[in-house]
Structure formats: C-alpha cells, structure tokens
Amino acid sequence: MIRTLIVDDEAPARDELKYLLSQEEGISIVGEADSGPEAIRLAAREKPAVIFLDVEMRGLSGLETAVVLRTVVPDALIVFATAYDEYAVKAFEVGAVDYVLKPFEQARIRRSIGRIREYHPQEWAEAAKRVDTVLTKSKIIIAKLPVERNGKILLVDYDDIVYISTQSGSVTVVTAGDRFYYSGTLAELEERLLNTSLVRVHKSYIVNLDKVKEIIPWFKGTYWLKVEGVPDMEIPVSKSQIKGIKDILGLK
C-alpha cells in the first residue's frame, strides 16, 4: 500500500482527488490537509510515501510547504497539483516526481500512480533529490525552522532563535522563552543556516549573532558570548571560529 497525503486549501479539490485516488488499487490515504502547517504536522505523524501537494495555497504556498516537508519527511515523493497549463509546469516536470493538472482526470492520476509504482529504492531517492533541485532553482527560502515539542511540529522564525546546542547527539533550539527539539544534526543546521545571522561558533553551538549583547575575552585569546533573552547563558567560541566571528562583529 502506498501511504498518501493530500494537501489542498480547497475542500472540493481534496474531495475530487481523494475519490480518484480511491479508484486506484494499493493507495492508502493517511490524511488530508488544508494548509501548509497542517500538512507538515500530518506528514511528521503519518510518514506518507507520497504527497499530492497543491502549488497555489493561501498562507504558506505549496512550494514553501515543500521546502519544509523535504526536511520533515525526506523520503517522501511529492506530486505537485496545479491549475496552470502544461507549458507553465515544465519546471515541475523536469524537477519533481510528477505533476497533475486541475481539473483532475482519472487517466492522469492513474499514470502518476503507475510512475510511482515503478520506482525502485535508488530511483525513489533520486526522485526525491530532484524535488530538492527544483525547489533550489526556484529560490524558495523559508526563514523558519521545523522543531518538535510534545509530539507537535512547530515552525520557529530564525529571528526568534537565540542559540542552538547539541549534547549527546540531541539538538536543542532555544528562544528567549522556550526550548525545542530538532531532529537533525548541528552540521545539517549549519549548512541550512548559511547566509543568516545564525552562525556556528563552536562544535556544540550555533548562535544568532543579532542576539549577542556581550563578548567576554578569556584566556589565550578565546571568547565567551552572552546573549539576549537567556541571561545566565555563556557560549564558548572555538579558536578556529574566532577570526570569522570577529570579522562579522567588526572586532579588531
């Protein structure tokens, strides 16, 4: 059975797609979402293999949602749904696993499901990477980080993050008033957060340099950082990072 999630902000479109998918053997619809945040929450819980995702949604668009979904369920295949004509979706045809046009047609849905069934594990992984490629080419940048707390997936604005730390393999995201869990690694976050104010300053810490309020010189040219919102916290700066951090902060 192919576990499938349907995402569209219009109920008639969801109902139509659900009906057409129900006519195909081996399809298990594990959820329906009417928004990007709801899709992210359901995907994290249900771990679908395939996501039919509307491109033109209110609020968080389909492409913006896809960026976060690729982090939450990296092995899922995404099929974009759109009302654009075929010429307008050539980018999806090249980069995504598949696309379906509105109004939906049974024959087209059947072809899409047939294409998905034919994927072998390696092809499945390659297809998922093609989604990343088309999203990167589209220059979709979401300044939010998907984090977990009490079994829920939340989106935290980059600007609200004070620092991120890792201990015993567990990554904690800290804001001025809260703490969250991140399912990936600090190295993955460092790459994701390139060209933002969130910078790796130590093997165990990423700090929002916009939140630094005091720099404390220490022995042998090392430094500690004090940050806004977490007054008792002092964050070490690795020797290898000192020059880069001083350049960013304008220190001599």
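Scroll up to find the structure this text is about.
As a starting point, this report considers the structure included with it.

Reading the values: the criteria
- Residues numbered from 1 in each chain as written.
- Predicted model: local features only at pLDDT ≥ 70, side-chain atom pairs only at ≥ 80, totals over all residues.
- Heavy atoms only, no water.
- Core = buried A, V, L, I, M, F, W, Y, C linked by side-chain atoms within 4.5 Å.
- Buried < 20%, exposed > 50% of the residue type's maximum accessible area, 1.4 Å probe, protein only.
- Helix = DSSP H or I, 4+ residues; strand = E, 2+ residues; numbered from the N terminus.
- Salt bridge = Lys/Arg side-chain N within 4 Å of Asp/Glu carboxyl O.
- Pairing = 2+ DSSP bridges.
- Axes fitted to C-alpha atoms, helices over the stretch in contact; angles between N-to-C directions.

1. Re the nonpolar core
Proteins that are soluble and globular tend to have nonpolar side chains buried together. Within the largest apolar cluster, 27 residues are counted, with the highest numbers of intra-cluster contacts made by Val7, Ile51, Leu53 and Phe80. Breaking this core down by element, the ones donating at least two residues are β1 (2–7), α2 (36–46), β3 (50–54), α3 (62–72), β4 (77–82) and α6 (121–137). Among the elements that line this core, the one with the most residues is α3, at 6 residues. Counting residues in hydrophobic clusters, the runner-up holds 20 residues, among them Leu20, Ile27, Val50 and Val79.

2. Description of the pattern of salt bridges
In the structure shown here, the tally under the stated rule is 12 salt bridges. The partner of Lys18 in a salt bridge is Glu32, and the shortest N-O contact between them spans 3.1 Å. In this pair, Lys18 is assigned in helix α1 (residues 11–22) and Glu32 in strand β2 (residues 27–33), connecting sequence segments 14 residues apart. Its relative accessible area of 37% is what places Lys18 among the partly exposed residues. Classification of Glu32 as partly exposed rests on a relative accessible area of 29%. With its nearest N and O atoms 2.8 Å apart, the salt bridge here joins Arg41 to Glu38. In this pair, Arg41 and Glu38 both sit in helix α2, 3 residues apart, roughly one turn of the helix.

3. Quick word on the sheet that holds strand β15 (residues 234–237)
Here we have 3 strands laid out as an open sheet, ordered β13-β14-β15, and antiparallel in their pairing. What marks the edges here is a single partner per strand, and that holds for β13 (212–217) and β15. If you compare each strand with its neighbour and ignore which way they point, the axes differ by 30 degrees on average. Pairing of β13 with strand β14 (residues 223–227), which is carried by 5 bridges, proceeds in the antiparallel orientation. Opposite Pro217, over in β14, you have Tyr223 as the bridge partner.

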